[in-house]
Amino acid sequence: MKKIIETQGLTRTFGAFTAVDAISFDVYEGEIFGFLGANGAGKTTAMKMLSGLLAPSGGSATVVGFDVKTQSEDIKKQIGYMSQRFSLYEDLTVLENIHLFGSIYGLKKAELAQKAEVLLEQLEFTDQRNTLVGDLPLGWKQKLSFSVAMLHEPRLVFLDEPTGGVDPITRRQFWEMIYAAAHKGATVFVTTHYMDEAEYCDRVSIMVDGKIAALDTPHNLKRQFNAPDMNDVFLQLAATSVARAGF
Amino acid sequence: MNTFLAFVIKEFRHVLRDRRSLIVVIGMPIIMLLLYGFALSNEVKNSRIAILDTSRDDVTRTLTERLDASRYFTVVQHIDRPEEADALFRQGKVRAVVVFQPMFQQTLLHTNAASVQILADASDTNTGNTVAFYISNVLRAYQNELLDQQKLPYHINVETQMAYNPQLKSAFNFVPGVMVLILILLCSMLTAVAIVKEKEMGTMELILVSPVRPWMMIVAKALPFLVVGLLNVAVILIMAYTILGLPLRGSLLLLIAECGLFVLLALSLGLFISTRTNSQQVALFISLVGLMLPSLVFSGFMFPLENMPKPLQVVSNIVPTKYFFSILKSVMIKGLGFSYVWKETLIMATMTLVLMLLAIRSFKIRLQ
């Protein structure tokens, strides 16, 4: 299988604090890769380095064939990104946001207009096209945010806690959208706090204190830790961190 | 190009949808100009004066009437002893006391000379000076009338002409000064919050992770505010001309072009601040408090730059308001053409370019 992300000893420090401590892992083209960890474990920092938002302090990584240190601008053209904080423009309408981000990624006018229609149709947003994004419920915003991140059909998409604070029905719909994108060939790199969502991933890594403590398919992880579900696997690993911190 | 256009449209929408801010931004200069244009004035009108006149003859009576009749003075009291003047000053009842020497008319007729003493309250130096100057003008006018009748062989007549502003209207100085202040504070404030706002809202992350070039973001941010700034210039100029009675002696086109350049300069300064800060409050504070004082002190509008110590004069060279204030006065009031202001224009254009490039350079395409 072809690797789309390769990291070797990737490290990021903030002063004396090491947020990401020499992590090495690969992500394969077309998989849904779950990136788990407790709050402050270093997930978001690692993700920001991989998406070219943050310069690494050490180690190396290539994403879609480009070096994150020197070719971050090339990476940016090939990836989609959806942030933990909802970040479309609240004072622009649904359609205006779609047009803006479509144009940023260089979509041509006619292509963009056609894609916008398909997108609105799929989200059942046709009536909401002229609603200000700030007036939409959170779950709708998240779905729109994901669709906008996928607008330019990136080979790889980073989702940072995309379903935080969203109701179970919308979460279910959201994962259907993720599957649909993966089915079309996109690689999905997703962080989450919900362990049931971890079960939907092809492979899962669990970060503890800036290091990758485990990485395998959910099935193998459960067997390795002799756990009934991913929740139990996560708790066992997180407990070692808490014990080490002296609590 | 498509991307840039999309960005420009986005920025215009942000500005147009924020109705409340837009009203403040358009309304504030009007209020400030009216406030400062009328309230800030170092002209002396209807100053209260007292007269100490022991001779009470034809000449002193005529002079007193002339003073009272002029629009600058109102005679509020006649006093009999010099000591009373002190009390009046202390109570703040009068600005000046005019003292005629005893037997004024007689002395004048016999010796061809008589003295008048002007006591002015100089606790407010400027007003004291102006009042004394105006009083002696009224007296001198009368003296000239006498001289004309008598035909003396020699007489030296000093005539002062106040060029460009014969009535010494303070609006001629204050209105350009207020214009300079309003434009630099307002325009730099507008853009100072523009980029930092996106950092706070979290939308910046989405922009940073996209292949957008910094210059697109920066230039697109400046464009709608350039329109707003020019709108302000139009409103201010119309008000200055119609309500505040300022002349527009030079070329209107040149004036508007210079105003446009200054707006652009202020916007670039704001953008530079915005790329360097991380919260709207800090950006606002820097653009408001940080710019207010130097703009006021070093523009030459309140305090003459020639009188400042050398080091401060050197500092004033980097303050953009100094150049714009000088251009405004040259073009509006003196009616001078481009050949007289090209140096200032060149300096402002260079400043704009440098600030713009600095803003683009310090726009971080990565998070810290």
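Residues numbered from 1 in each chain as written. Chains lettered and ligands numbered in written order. Predicted model: local features only at pLDDT ≥ 70, side-chain atom pairs only at ≥ 80, totals over all residues. Heavy atoms only, no water.

1. So, empty space enclosed by the protein
Counted only if it meets this: A cavity, in this analysis, means grid points on a 1 Å lattice covering only the protein atoms where a 1.4 Å probe fits yet has no way out; a pocket is instead an open set bounded by protein on both sides within 12 Å along at least five of seven lines, and a residue lines either one if it has an atom within 4 Å of a point. Grid points are joined across faces, edges and corners, and a volume is the space filled by probe spheres set on the points. Helical segments are the DSSP runs of H or I of at least four residues, strand segments are the runs of E of at least two, and each set is numbered from the N terminus.
Counted by the stated rule, this structure contains two cavities of 30 Å³ or more. Within this model, the largest cavity holds a volume of roughly 80 Å³. What lines the largest cavity is simply Gly80(A), Tyr81(A), Phe101(A), Tyr105(A), Ser145(A), Val148(A), Ala149(A), His152(A), Leu206(B) and Val209(B). Secondary-structure elements contributing two or more residues to the lining of the largest cavity are strand S7 (79-82) and helix H5 (138-149) of chain A. Among the elements that take part in the lining of the largest cavity, H5(A) stands out by supplying three residues, more than any other. Its boundaries defined by the atoms lining it, the second largest cavity holds a volume of some 50 Å³.

2. Re the sheet that holds strand S4 (residues 116-120) of chain B
Residues and elements named next belong to chain B. Where we set the bar: In this analysis, strands are considered paired if DSSP registers two or more bridges between them. Note on geometry: axes are lines fitted to C-alpha atoms, helical ones only across the stretch in contact, with angles between N-to-C directions running from 0 to 180 degrees.
The four strands lie next to each other as S2-S1-S3-S4, forming an open sheet whose pairing is mixed. Edge positions in the sheet fall to strand S2 (73-79) and S4, since each of these pairs with one other strand and no more. Ignoring strand direction, the axes of neighbouring strands in this sheet form an average angle of 25 degrees. Examined bridge by bridge, strand S3 (residues 96-100) and S4 share five bridges and lie antiparallel to one another.

3. Observations concerning the confidence of the model for chain B
Spelled out, the test is: Each residue carries a pLDDT score, the predictor's own confidence in it, on a scale running from 0 to 100.
Predicted confidence across chain B gives a mean pLDDT of 86, with 94% of residues reaching 70 or more. Taken over the whole predicted complex, pTM reads 0.79, whereas the ipTM for its chain interfaces reads 0.83.

4. Overview of the environment of Glu117(A)
Residues and elements named next belong to chain A. What counts, and what does not: Each residue's exposure class comes from its accessible area (1.4 Å probe, protein chains only) as a fraction of the maximum for that residue type: buried when under 20%, exposed when over 50%, partly exposed otherwise.
Turning to its location among the elements, Glu-117 is positioned in helix H4 (residues 109-123). Classification of Glu-117 as partly exposed rests on a relative accessible area of 34%. For the pair Glu-117 and Leu-95, spaced 22 residues apart in sequence, the C-alpha separation works out to 9.3 Å.

5. Remarks on the interface of chain B and chain A
Note: interface size is frequently given as the accessible area lost on complex formation between the parts. Cut-off, in case you're wondering: A contact between two residues is defined here by any heavy atoms of the two lying within 4.5 Å. Here the buried area means the combined drop in accessible surface, using a 1.4 Å probe, for two parts upon being joined, counting both sides. Just to be clear on terms, a salt bridge is a Lys or Arg side-chain nitrogen sitting within 4 Å of an Asp or Glu carboxyl oxygen. In protein, a polar contact means a hydrogen-donor-capable atom and an acceptor-capable atom, both N or O and within 3.5 Å, with residues adjacent in sequence counting only if both atoms are side-chain atoms; elsewhere, any N or O pair within 3.5 Å suffices. Charged means Asp, Glu, Lys or Arg here, nonpolar means Ala, Val, Leu, Ile, Met, Phe, Trp, Tyr, Cys or Pro, and polar covers whatever is left, Gly included.
If you look at the interface, chain B gives 27 residues, while chain A gives 35 residues. Contact between chain B and chain A buries roughly 2800 Å² in total, counting both sides, with carbon and sulfur atoms accounting for 57%. Taken together, the connections running from chain B to chain A amount to four salt bridges. A salt bridge links Arg17(B) to Glu96(A); the shortest N-O distance between them is 2.7 Å. Here chain B is connected to chain A by ten residue pairs in polar contact (both at pLDDT 80 or more). Class assignment of the residues belonging to the side of chain B that touches chain A gives a composition of eleven nonpolar, seven polar and nine charged.

6. Section: the sheet that holds strand S4 (residues 32-37) of chain A
Backbone hydrogen bonds hold the strands of a sheet together, and the pairing may be parallel or antiparallel. Residues and elements named next belong to chain A. Sheet architecture is open: six strands sit in the order S7-S8-S9-S4-S10-S11, paired in mixed fashion. Both edges of this open sheet fall to S7 and strand S11 (211-216), since each of them pairs with a single strand only. Across the sheet, the mean angle from the axis of one strand to that of its neighbour is 15 degrees, orientation sign disregarded. The sheet contact formed by S7 and strand S8 (residues 156-160) spans four bridges and is parallel. Bridge pairing links Gly-80 to Val-157 in S8. Sheet strands in contact with H5 are S7 and S8, and its direction is about 165 degrees off that of S7. Strands S4, S7, S8 and strand S9 (187-191) of the sheet are contacted by helix H6 (residues 168-183), whose axis makes an angle of about 135 degrees with S4.

7. Topic: H4(A)
Residues and elements named next belong to chain A. Where we set the bar: One less than the number of residues in a helix, times 1.5 Å, gives the span that helix is expected to have. This arc describes the spread of directions from the helix axis toward the C-beta atoms.
The terminal C-alpha atoms of H4 lie 21 Å apart, and with 15 residues this matches the ideal 21 Å at 1.5 Å per residue to within 8%. Listed as buried for H4 are Leu-112, Lys-115, Ala-116, Leu-119, Leu-120 and Leu-123. Seen from one end, H4 has its buried residues packed into an arc of 135 degrees, which puts them on one side. For H4, the exposed residues set more than 90 degrees away from the buried face come down to Ala-110, Gln-114, Glu-121 and Gln-122. Next to the buried residues of H4 lie helix H3 (94-104), H5 and H6. The first or second residue beyond H4 is Glu-124, which carries a positive phi of 55 degrees.

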